[in-house]
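Observations on chain architecture
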Amino acid sequence: MLKKILLIDAFLIKQLTVCVVTLSLVIACHSDTQLQTEDIGTGRSPFETNILRVWWDKGYYLEEDEALKTLVNNWIEQTNHQVRLSFYTNDELAQKTQRAIQAGDPPDILMNDAGDRTIATLAWQGKLADVSPVIEPVKNIIDDTILSSVYLYNQVEQKQSYYAVPIHVSSPHIFYWRNLLQQIGKSDGDIPQDWDGFWQFWRQAQPDLQATMKREIYGIGLPLSVAAVDTYEIFEQILEAYDVAIVNPEGNLQLDSPAVRQGIINCLQWYSEFYLQGYVPPSAVNWLNPDNNRSLLNRQVVMTPNNSLSIPAALGRDSPEYQTKLVTAPYPQKPSGESMTYIALVRQAIILKDATNQELAQEFLSYLIQPEVIGDYLKAAGGRFFPVNQQSWLDPFWTDPRDPHLSTAAQPFLNQQTRLSNTALNPAYSQVLQQGIWGQALNRIVVDGVTPETAAEDAIAQIKMIFSQWNQ
């Protein structure tokens, strides 16, 4: 009889830490667990058909990967099943998944933090398994906005159903160094909460800090690259701030509206001016996903927007930097004076329709999303992401004001200040993210020197083309 197996396929990759050092993945396993490694891309051996293959997004920090390994080992102990667990980086996972689907040998479970690029598309194309049996027993404790994000349309079967399992959620926030502001005689209370005043504060902080610190430091860490998902997610939040709705709640494009067109122009101009006026590091046009984090952690910028708690998680909960020096703050009021609505960034696990062990995969995901299981996992992973179920929200771990970061990040969900992302409203919009449309537009303005009007017209044309091809 085969031993219980947890097979880990891990790659040495650069991980973001406070000192920005390279970490080697440390693999821990139970004494009765056989440790093996192999290149998953070569496929599955005939004797492995009963092994659950799980491909998971590589964590930014060692704690994230270790937390999942512990969870998987606990499930192995309870069920006597066998699991091959593999970690890959965002881009690597997306590429390997596409190749595996084409080869007809996908993993049984896939979880990718960048899955909003592809999950709605895969559901539309009929390539995902219906996971309603996993969702139905817990749907009454999942927030409606989050639940709606996994209720997707299958064009092949002409039906809408649950085609993904929400694992965790995050929303955009602002991060800044309180101790740097103190060097120029400023405190949290000096930061205006009206839209224009808020952003002007960080403009002025830059020359004040440069004069005090006698070195180069930038006021704002806004990514402008095509490659960074952060560029797309932050720009989408700016569109929300200005009430620019590219698609309506039914998922229909509204790009022929003069108000929407002008709103896109205004947002591109607003965003790019920070770079053109010298308030954003020149390297921001080439940043990858970790780089705005890295710039803040290295005190190269005073403030940056970000869409998870990866920045405070890098510091360690007991450090003075975490407790008193770094601040997690909400966005200011919208330009209209209304309170901000936050785009809920729901990360999801899926079962591919051609997966070999679909029943086993559903059994594992049903175990994973039990409130006590997923809650313990996310806490052990460092609290970078928020639980999707309202029962876990009752855990004081997420709301205790003594943790200045988690308690702030919880507020949009507790106060119902979130909305669905456009990728959840219409799967075609996932291609806007995948093709880096907003990064392209911003690069054309700040690198090529085109006007915001020209960049907006090109972006609008690209989005219309995506939707026209999607509907053919």
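The structure we're discussing is the one just above.
Rules and cut-offs
Residues numbered from 1 in each chain as written. Predicted model: local features only at pLDDT ≥ 70, side-chain atom pairs only at ≥ 80, totals over all residues. Heavy atoms only, no water. Buried < 20%, exposed > 50% of the residue type's maximum accessible area, 1.4 Å probe, protein only. Helix = DSSP H or I, 4+ residues; strand = E, 2+ residues; numbered from the N terminus. Contact = heavy atoms within 4.5 Å. Axes fitted to C-alpha atoms, helices over the stretch in contact; angles between N-to-C directions. Parallel < 35°, antiparallel > 145°, perpendicular 65-115°, else oblique. Left-handed = near helix turned anticlockwise from the far one by under 90°. Nonpolar A, V, L, I, M, F, W, Y, C, P; charged D, E, K, R; others polar. Pairing = 2+ DSSP bridges.

Side note on helix H15 (residues 406-414)
Extensive coverage of H15 is indicated by the burial of 7 of its 9 residues. All of the buried residues in H15 are Leu-406, Ser-407, Thr-408, Ala-409, Ala-410, Pro-412 and Phe-413. Where H15 is buried, its residues meet strand E7 (165-170), strand E8 (173-177), helix H12 (320-325), strand E11 (326-329), strand E12 (342-343) and strand E14 (418-419).

Re the packing of helix H8 (residues 229-241) against helix H9 (residues 258-276)
For the pair H8 and H9, interaxial distance at closest approach is 10 Å and the crossing angle is 120°. Taken as axis vectors, H8 and H9 run oblique relative to one another. Seen along the crossing, H8 lies across H9 with a hand that is right-handed. Facing Thr-231, Ile-234, Phe-235, Ile-238 and Leu-239 of H8, the residues of H9 in contact are Ile-264, Cys-267, Leu-268, Trp-270 and Tyr-271. Taken together, the residues of the contact of H8 with H9 sort by class into 9 nonpolar, 1 polar and no charged.

Observations regarding unusual backbone geometry
What is expected of a backbone is that most residues other than glycine have negative phi and most peptide bonds are trans. Despite not being glycine, Lys-214 has its phi angle at roughly 60°, a positive value. Relative to the elements of secondary structure, Lys-214 occurs in the loop between helix H7 (195-213) and strand E9 (218-220). On the accessibility criterion, Lys-214 (69% relative accessible area) is exposed. Here Arg-299, not a glycine, exhibits a phi torsion of approximately 60°, which is positive. Locating Arg-299 in the fold gives a position in the loop between helix H10 (291-297) and strand E10 (301-306).

Digging into helix H18 (residues 437-446)
Taking burial as the measure, the 10 residues of H18 include 8 buried ones, the bulk of the element. Every buried residue of H18 is listed here: Ile-437, Trp-438, Gly-439, Ala-441, Leu-442, Asn-443, Ile-445 and Val-446. The inward-facing, buried residues of H18 abut H8, H9, helix H17 (430-434) and helix H19 (452-470).

As for the pairing of strand E13 (residues 345-350)
Among the 6 residues in E13, 6 count as buried, and that is most of the element. Taking every second residue as pointing to the same face, both faces of E13 are buried, with Leu-345, Arg-347 and Ala-349 on one and Val-346, Gln-348 and Ile-350 on the other. Relative to E13, strand E4 (residues 109-111) runs antiparallel, the two sharing 2 bridges. Counterpart to Leu-110 in the pairing with E13 is Ile-350. Taken together, the 5 bridges between E7 and E13 define a ladder with antiparallel strand orientation. Among the inter-strand pairings, Val-165 is bridged to a residue of E13, identified as Ala-349.

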